[in-house]
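# Topology and contacts: notes
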Amino acid sequence: MSLFLPKLSCKKDIDDAIKSVAEKVLVLRFGRDEDSVCLQLDEILSKTAHDLSNMASIYLVDVDTVPVYTRYFDISFIPSTVFFFNGQHMKVDYGSPDHTKFVGSFKTKQDFMDLIEVIYRGAMRGKLIVQSPIDPRNIPKYDLLYHDI
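The structure displayed is predicted, hence computed values, not measured ones.

### Considerations on the overall build of the protein
For the protein, the count of helices and strands is four helices and seven strands. Along the chain direction, N to C, the helices and strands of the protein fall in the order β-α-β-α-β-α-β-β-β-α-β. Taken along the three principal axes of its C-alpha coordinates, the protein extends 40 × 30 × 25 Å. Residue burial in the protein is summarised as follows: out of 149 residues, 45% are buried. Residue pairs at least 24 apart in sequence account for 75% of intrachain contacts in the protein once pairs closer than 6 positions are excluded. A gap of 4 Å separates the mean positions of the 18 positive and 21 negative side-chain charges of the protein.

What follows is the structure, given as structure tokens:
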């Protein structure tokens, strides 16, 4: 399914996408094409890309080709999905310790579509952080581990 979504393969491509996508939510899925959970998420992203084309631009990023962003966003679990709006990193309160990214795959297409709509509407109102509309039971659980602090 990831064949239908555009890929960003270097830092310059990601920087250009962040700067150039205007009045839409920029969705960056960090992961690996061969990972089964990434493939599950890619299927949801590709099936919703057309329906969300007025609100979002969706790109895939391989964590191994862009280590600078992998470190910057602390991508330790894949897939991880990061959101931007007009060059601004959008944060989402999922009820988890990390508001900077969504870790794992969405359970349903509707969960992803609802999240994009909430981010889009919040960003249009000038918000930098929004409350997740996703049922907490559908949000993957994980623990943040901090080393050498």
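### Details of the side chain of S80
Here S80 is to be found in strand β4 (residues 80–85). A distance of 2.6 Å separates a polar side-chain atom of S80 from the backbone oxygen of F77. Those residues in contact with S80, other than ones at most four positions away along the chain, are L28, R29, F30, I75, K101, F102 and V103.

### Focus on the environment of L5
Locating L5 in the fold gives a position in the segment before β1 (7–8). A relative accessible area of 6% places L5 in the buried class. L5 sits 54 residues away from Y59 along the chain, and the two C-alpha atoms are 6.2 Å apart.

### Section: the packing of aromatic side chains
This model, assessed by the stated rule, comprises eight aromatic pairs. With 5.9 Å between their ring centres and 55° between their planes, F30 and F73 make a pair best called tilted. Taken together, the positions of F30 in strand β2 (residues 25–31) and F73 in the loop between α3 (67–72) and β4 put the pair 43 residues apart, joining distant regions of the chain. A relative accessible area of 0% places F30 in the buried class. Judged by its relative accessible area of 6%, F73 is buried. Summarising the aromatic geometry, the rings of F102 and F106 are spaced 4.1 Å apart at their centres and angled 10° between planes, so their arrangement reads as stacked. By relative accessible area, F106 is classed as buried at 1%. What links up through ring pairs into an aromatic cluster is the set F30, Y69, Y72, F73 and F84.

### Section: the pairing of β2
Each regular strand displays side chains that alternate between the two surfaces of the sheet. Taken across its seven residues, β2 has seven buried, putting it largely inside the fold. Residues of β2 alternate between two faces, with V25, V27, R29 and G31 on one and L26, L28 and F30 on the opposite face, all of them buried. In terms of strand pairing, β2 meets strand β3 (residues 56–62) through seven bridges, oriented parallel. Note that in β3 the partner of V27 across the bridge is I58. Regarding topology, helix α2 (residues 36–49) serves as the crossover connection from β2 to the parallel β3, and that connection is right-handed. Looking at chain direction, β2 and β4 are connected through six bridges and run antiparallel. Each bridged residue has a counterpart across the sheet, and for V25 the counterpart in β4 is F85.

Conventions used here
- Residues numbered from 1 in each chain as written.
- Predicted model: local features only at pLDDT ≥ 70, side-chain atom pairs only at ≥ 80, totals over all residues.
- Heavy atoms only, no water.
- Helix = DSSP H or I, 4+ residues; strand = E, 2+ residues; numbered from the N terminus.
- Buried < 20%, exposed > 50% of the residue type's maximum accessible area, 1.4 Å probe, protein only.
- Contact = heavy atoms within 4.5 Å.
- Lys, Arg positive; Asp, Glu negative; His and termini not counted.
- Charge placed at Lys NZ, Arg CZ, Asp CG, Glu CD.
- Polar contact = N/O pair within 3.5 Å; in protein donor to acceptor, adjacent residues only side chain to side chain.
- Phe/Tyr/Trp six-rings, centres within 6.5 Å; stacked < 30°, edge-to-face > 60°.
- Pairing = 2+ DSSP bridges.
- Right-handed = clockwise from strand over helix to strand, strands pointing away.

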